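One letter stands for each residue in the lines below.
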Amino acid sequence: MKAFSVCISDALILKTALLATLLVATYFGTPSSNDSFAISAYEGENKKPQTEYISISEKNRDDNPELLIKEISDSSPDSTDLGTEAKNKDNWIFVNHDVYGSRNSNQTTIGKDNVGDLQIKWRLNNTFGIQDGPLIVKDRGYVLDYIGNIIAFDTKTGKRIWNTSAGGGPTMGLAYSNGAIFASTASNSTIVSINSTDGKIIWRSQELGDPNLGYSVDAPPLVWGDYVIAGSGGSGLPPGTGIVKGNITSLNITNGNVIWNFNTTAGEWVAPGKTPPNGGATAWSGGSIDPDTGILYMPLGSASPNFNASTRQTPNLYSNHMVAVNITSGKMVWATPFIAHNTVLDIQVPDTHDWDTSWGSSISKVRMDNGTERKIVIGHDKMGNVIAMDALTGEEIWWKTLGNPHRTDIIPLPNGSGMTWSYGVYNYHAVDNDTLYITGTNRGLNFFTDGISGHKIAPPNTIEQGLKNGTIYAMDLITGETKWQVQTEYPPRVSPIVTNGIVFAGYIPFEGKVRTGVILALDKETGEKLGEQNVNATIGPVGPSIGNGLLFVPTDKVQGLPKDESVGGSVVAFGIG
């Protein structure tokens, strides 16, 4: 087992050139006693982990991350709603319920004793698909469709209240704070603030990247204090031009002005003159925030070109990393790579399979066996690696690779890599007090290189990206050990939620091009099935939300309807009785 994490001082982040040099040295050599950063690494093939903190003089605190965290916390603004307050018991105000990314609701209307009585109360039909569960604020719901329309509706009836076009799509969902809805606009490359009462636009940010180059803002906005956090997206090579380089941007919550911008690529691999240009490392799937410290935890995607690393043989910083960023300053606190040489997946070349570190993060406070409390950040990637990291330093606590990977170490070739199988994570996860609920979807792909780019081919009898079947897991949050697992015959590509003793998850039955969706209710302690409902449409991968006494399931095209009654997407509301 090998892991690597970096903890960098605020002052040093400003020295970009020095940072790149030091981090390259970290990958390929042992730092000297004069190196101005802290490193914990597993050194050597069979050596025990060794942690070495190299002291530096700045305020005598860069060799002590706790002092750095205190400075960040002391300078942080008062928090806005976190989503976990008593007044939000029946609300769902972020894509993943709360600022911690827990997907864990305190509602008590639906529980193990009555979940079997759930039935469809209404269905909001829409022209376009819906992939994220709606936000719920009291008796109103807010949902984003596949082309960027935001729909406000009455949660009791499903009746539309207003409809506003925010811009392009698809994106990963919305955020709510103090009467405003915040939306990303995908290929329009902006963030929009909308009045939740009447749907009128309050402000629209400047373009956060050039859409003509393929730049996109896909991540769901995160809101904390005076800050709205935007994560970049954009098409790599292939199918795009490969010019997009990732970033994370902070906006003023009042007017949308840019406060800071953090570039997520650094080092020789993205130096000018590369042909084609290297890029990627985008923050397309969103993250979580620790409001105690004002630190953002954001996973970053893979490097571009996706399938050919010949022009990016030096460390691909910060692709396939989890990064911790100080929200008030925009400076990096630490960065932990998932896929790189001498890390979880010990590869000799950078990622050539598009193994994005993606689909969000969560931050949880857990009590260890010795009685001490520790904050844990959970992240994962599309190769199936799940890592628990120390929130303070990024140091690995445990890591697991889901399923049984097959041929994941074979690089793409002109005549193909042969079929590669992995249990990738293609959804957000949920966390309870001591348990992680996560889905692993079995995927098969054959990877080819075509010159500098490439393509991939899925095996028969799969859906997009070669998805086949999978497993719903409950894992110990402290140790990573599996508590229970439920196998699914079809892809379990539905982000789970946990609430009142229940885990709601699901899977996507398919036959040819026809797909439906089954929502599952499982006992959170045992995995026992408590009930299921077929919504007759593909369930959106961002998954359901819950609030105001109802479970809301987003869907794509509804099956079995006459052509003149075609429904491109919907929200299905389930209630008791």
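Rules of the game
- Residues numbered from 1 in each chain as written.
- Predicted model: local features only at pLDDT ≥ 70, side-chain atom pairs only at ≥ 80, totals over all residues.
- Heavy atoms only, no water.
- Helix = DSSP H or I, 4+ residues; strand = E, 2+ residues; numbered from the N terminus.
- Buried < 20%, exposed > 50% of the residue type's maximum accessible area, 1.4 Å probe, protein only.
- Contact = heavy atoms within 4.5 Å.
- Areas by Shrake-Rupley, 256 points an atom, 1.4 Å probe, with all protein chains shown as cover.
- 1 Å grid on protein atoms, 1.4 Å probe; cavity = no way out; pocket = protein on both sides within 12 Å on 5 of 7 lines; lining within 4 Å.
- Points joined across faces, edges and corners; volume = space filled by probe spheres on them.
- Nonpolar A, V, L, I, M, F, W, Y, C, P; charged D, E, K, R; others polar.
- Pairing = 2+ DSSP bridges.
- Salt bridge = Lys/Arg side-chain N within 4 Å of Asp/Glu carboxyl O.
- Core = buried A, V, L, I, M, F, W, Y, C linked by side-chain atoms within 4.5 Å.
- Phe/Tyr/Trp six-rings, centres within 6.5 Å; stacked < 30°, edge-to-face > 60°.
- pLDDT = per-residue confidence, 0-100.
- Axes fitted to C-alpha atoms, helices over the stretch in contact; angles between N-to-C directions.

**A closer look at the overall build of the protein chain**
Each helix and strand counted, the protein chain has three helices and 44 strands in total. A buried classification covers 63% of the 577 residues belonging to the protein chain. Considering only contacts in the protein chain between residues 6 or more positions apart, those separated by 24 or more positions represent 57%. About 21,100 Å² of surface is accessible on the protein chain, with carbon and sulfur atoms providing 48% of the total.

**Side note on empty space enclosed by the protein**
Tallying each qualifying case throughout the model produces six cavities of 30 Å³ or more. Its volume calculated, the largest cavity comes out at about 90 Å³. Every residue lining the largest cavity is counted, 13 residues in all, and those nearest its centre are Val95, Asn96, Pro220, Leu222 and Gly287. Broken down by class, the residue content of the lining of the largest cavity amounts to seven nonpolar, five polar and one charged.

**With respect to the pairing of strand β34 (residues 482-488)**
Both strand β33 (residues 467-476) and β34 contribute to a ladder of six bridges, which runs antiparallel. Bridge assignment links tyrosine 473 to a residue of β34, and that residue is glutamine 485. Hairpin connection from β33 to β34: five residues lie between these consecutive antiparallel strands, with glycine 480 at a positive phi of about 85°.

**Remarks on the pattern of salt bridges**
Side chains that differ in charge, positive against negative, can pair when their charged atoms come close. Applying the stated criterion to the full structure yields 14 salt bridges. Note that lysine 112 is salt-bridged to aspartate 523, the shortest N-O span being 3.2 Å. Taken together, the positions of lysine 112 in the loop between β4 (104-105) and β5 (118-126) and aspartate 523 in strand β39 (residues 518-523) put the pair 411 residues apart, joining distant regions of the chain. Overall, the relative accessible area of 42% leaves lysine 112 in the partly exposed class. For the salt bridge of arginine 367 with glutamate 373, the shortest nitrogen-to-oxygen distance reads 3.1 Å.

**Concerning the layout of surface pockets**
In this model, the second largest pocket occupies a volume close to 370 Å³. Lining the second largest pocket are 16 residues, with Tyr100, Ser102, Ile363, Ser364 and Lys365 positioned closest to its centre. A total of three residues in the lining of the second largest pocket trace back to one element, the largest contributor, which is strand β25 (residues 362-367).

**Observations concerning the sheet that holds β4**
If you walk across this open sheet you meet the five strands as β4-β35-β36-β39-β40, and the pairing is mixed. Each edge of the sheet is formed by a strand with only one pairing partner; in this case those strands are β4 and β40 (529-534). Relative to β39, strand β36 (residues 502-507) runs antiparallel, the two sharing six bridges. Bridge assignment links alanine 505 to a residue of β39, and that residue is leucine 520.

**Remarks on the nonpolar core**
Counting 84 residues, the largest nonpolar core has Ile229, Ile248, Leu296, Val323, Phe504 and Leu551 as the members making the most contacts within it. Of all hydrophobic cores here, the second largest spans 17 residues; its members include Met368, Val386, Tyr423 and Leu436.

**Considering the side chain of threonine 265**
Tracing the sequence through the fold places threonine 265 in the loop between β18 (258-263) and β19 (279-280). Residues in contact with threonine 265, not counting those within four places in the same chain, are Lys245, Gly246, Val270, Gly280, Ala281, Leu317 and Tyr318.

**Thoughts on the packing of aromatic side chains**
This structure, assessed with the given rule, holds 14 aromatic pairs. Ring geometry for tyrosine 142 and tryptophan 162: centres 6.0 Å apart, planes at 45°, overall tilted. Highlighted residues: tyrosine 142 in strand β7 (residues 140-144) and tryptophan 162 in strand β9 (residues 160-165), separated in sequence by 20 residues. Take tyrosine 142 and tryptophan 162: they sit in the same class, and that class is buried. Aromatic side chains phenylalanine 182 and tryptophan 203 sit 6.1 Å apart centroid to centroid with 50° between the ring planes, which places their arrangement in the tilted category. You can see phenylalanine 182 sitting in strand β11 (residues 180-184) and its partner tryptophan 203 sitting in strand β13 (residues 201-204), a full 21 residues away along the chain. Comparing phenylalanine 182 with tryptophan 203 shows no difference in burial state: the two are buried.

**Quick notes on the confidence of the model for the protein chain**
Per-residue confidence for the protein chain averages 86 on the pLDDT scale, and 84% of its residues sit at or above 70. Residue range residues 67-77 is modelled with pLDDT below 50. Its contacts to residues more than four positions away, or to other chains, number 28 contacts.

**A short note on the sheet that holds strand β26 (residues 373-380)**
Hydrogen bonds between backbone atoms are what pair the strands of a sheet, whose relative direction is either parallel or antiparallel. Taking strand neighbours across the sheet as the criterion, the four strands line up as β25-β26-β27-β28 in an open arrangement whose pairing is antiparallel. At either end of the open sheet lies a strand with only one pairing partner, and these are β25 and β28 (396-401). On average, each strand axis in the sheet is tilted by 25° relative to the strand beside it, whichever way the strands run. As paired elements, β26 and strand β27 (residues 385-390) share five bridges and run antiparallel to each other.

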